[in-house]
Structure formats: structure tokens, C-alpha cells
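# Summary of the model geometry
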Amino acid sequence: QVQLAESGGGLVQTGGSLRLSCAASGRTFSRNIMGWFRQAPGKEREFVAAITRGGGSTYHTDSVKGRFTISRDNAKNTLYLQMNSLKPEDTAVYYCAADSTGSFIRVLSTNYEYWGQGTQVTVSS
């Protein structure tokens with residue numbers, strides 16, 4: 001089992017940057033494929049990015065490619081999401097999540113067993 005806690009959200013202007021962190025407890029962090037999801041008011045939770053256990057492979061949804069970068073530091077049990085060139089449509093609660101059983105990156109939220117409490121990101125126009 002792994003417990004997750006996001007941080008780093010906040011209010012930023014269009015074009016600005018934020019770096020989200022997700023601290024994981026326990027010794028099993030490196031055994032999980034990790035992902036970031038987001039949920040805007042009135043919308044369903046959507047996939048943002050994910051990274052394999054060793055960090056060698058990543059996948060970003062089209063709307064954030066070239067602007068967001070997912071990474072992880074297994075020695076620090078921490079997942080990151082660097083967000084650049086932020087847009088108002090990026091405004092959402094951002095969640096990190098862990099997939100302990102997958103053999104490859106999956107984009108459905110139902111494949112991820114463990115979730116953080118979320119951190120709010122607001123991009124003003």
C-alpha cells in the first residue's frame with residue numbers, strides 16, 4: 001500500500017509555471033507506475049501524464065505535450081509534474097495516483113488504486 005500527498009499548487013497567471021510534487025509513503029513507490037490526473041469543476045477526471053516504474057518511459061496527453069513534464073525520483077519517493085506555459089484551461093484539482101499492477105502505462109483512472117487528496121491549480125487570464 002502507498003499513501004500519496006500532493007503539494008505545489010496555487011494561483012498563477014497565464015504563461016506562468018508551477019511544479020507539483022507528490023510525496024509517497026512506504027517502500028513500494030518504485031514498484032508503481034505513477035500518474036497525474038486533473039479534474040475541473042463540472043468535468044470528469046482526466047488523465048494528464050504517467051511514468052513507468054524506473055522512469056524510463058513517459059506519456060503525456062496531447063493537450064499538455066510540450067508544456068508539462070512528468071518525472072520521478074525513486075530515492076526520494078517523489079513524483080513531479082513540471083507545468084510551463086500554463087493556460088486558463090489547465091485550471092483544475094490535480095491528483096497523483098499509483099498503479100501497482102499494470103505492465104505498461106494506462107490512462108484510465110480506474111486502473112490506479114491509490115490516490116492523493118489533490119492540489120488546486122488556478123490559472124488566471
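Everything numeric in this text was worked out from a predicted model, so none of it was measured.

### Points about the overall build of the protein chain
- Helix and strand counts for the protein chain come out as 0 helices and 11 strands.
- The order of helices and strands in the protein chain, counted from the N terminus, is β-β-β-β-β-β-β-β-β-β-β.
- Here the C-alpha radius of gyration of the protein chain, 13 Å, is about what a compact globule of 125 residues would show, namely 14 Å.
- If one aligns the C-alpha atoms of the protein chain with their principal axes, the spans along those axes are about 40 × 25 × 25 Å.
- Every one of the 125 residues in the protein chain was classed for burial, and the buried ones make up 44%.
- Looking at the protein chain alone, contacts between residues at least 24 apart form 59% of all its contacts between residues at least 6 apart.
- Split by element, the accessible area of the protein chain, about 6300 Å² in all, is 47% carbon and sulfur.
- Computing the positive centroid from 13 side-chain charges and the negative centroid from 9, the protein chain places the two 6 Å apart.

### Thoughts on a nonpolar patch on the surface
- Taken together, the side chains of Y59, V107 and L108 define a hydrophobic patch exposed on the protein surface, amounting to about 280 Å² of accessible area.
- Along the chain, Y59 falls in strand β6 (residues 58-60).

### Details of the environment of F47
- With respect to the helices and strands, F47 occurs in strand β5 (residues 46-51).
- Taking relative accessible area as the criterion, F47 reaches 9% and is therefore assigned buried.
- Sequence-wise, F47 and Y95 are 48 residues apart; in three dimensions their C-alpha atoms are separated by 9.6 Å.

### Some points on the pattern of salt bridges
- Inspection of every chain in the model, using the stated rule, returns 5 salt bridges.
- In this structure, the salt-bridge partner of E46 is R38, at a minimum N-O distance of 2.6 Å.
- E46 gets classed as partly exposed once you look at its relative accessible area, which sits at 36%.
- Among the salt bridges present, the one from R67 reaches D90, with a minimum N-O distance of 2.7 Å. Here the residue R67 occupies a position in the loop between β6 and β7 (68-73), and D90 occupies one in the loop between β8 (78-83) and β9 (92-99), the gap between them amounting to 23 residues. Each member of the pair, R67 as well as D90, is classed as buried.
- Salt bridges sharing common partners tie together R38, E46, R67 and D90.

Criteria and cut-off values
Residues numbered from 1 in each chain as written. Predicted model: local features only at pLDDT ≥ 70, side-chain atom pairs only at ≥ 80, totals over all residues. Heavy atoms only, no water. Helix = DSSP H or I, 4+ residues; strand = E, 2+ residues; numbered from the N terminus. Rg over C-alpha atoms; globule rule 2.2 N^0.38 Å. Buried < 20%, exposed > 50% of the residue type's maximum accessible area, 1.4 Å probe, protein only. Contact = heavy atoms within 4.5 Å. Areas by Shrake-Rupley, 256 points an atom, 1.4 Å probe, with all protein chains shown as cover. Lys, Arg positive; Asp, Glu negative; His and termini not counted. Charge placed at Lys NZ, Arg CZ, Asp CG, Glu CD. Patch = residues over 30% accessible without salt bridge, like charges linked within 9 Å, V, L, I, M, F, W, Y side chains within 5 Å. Salt bridge = Lys/Arg side-chain N within 4 Å of Asp/Glu carboxyl O.

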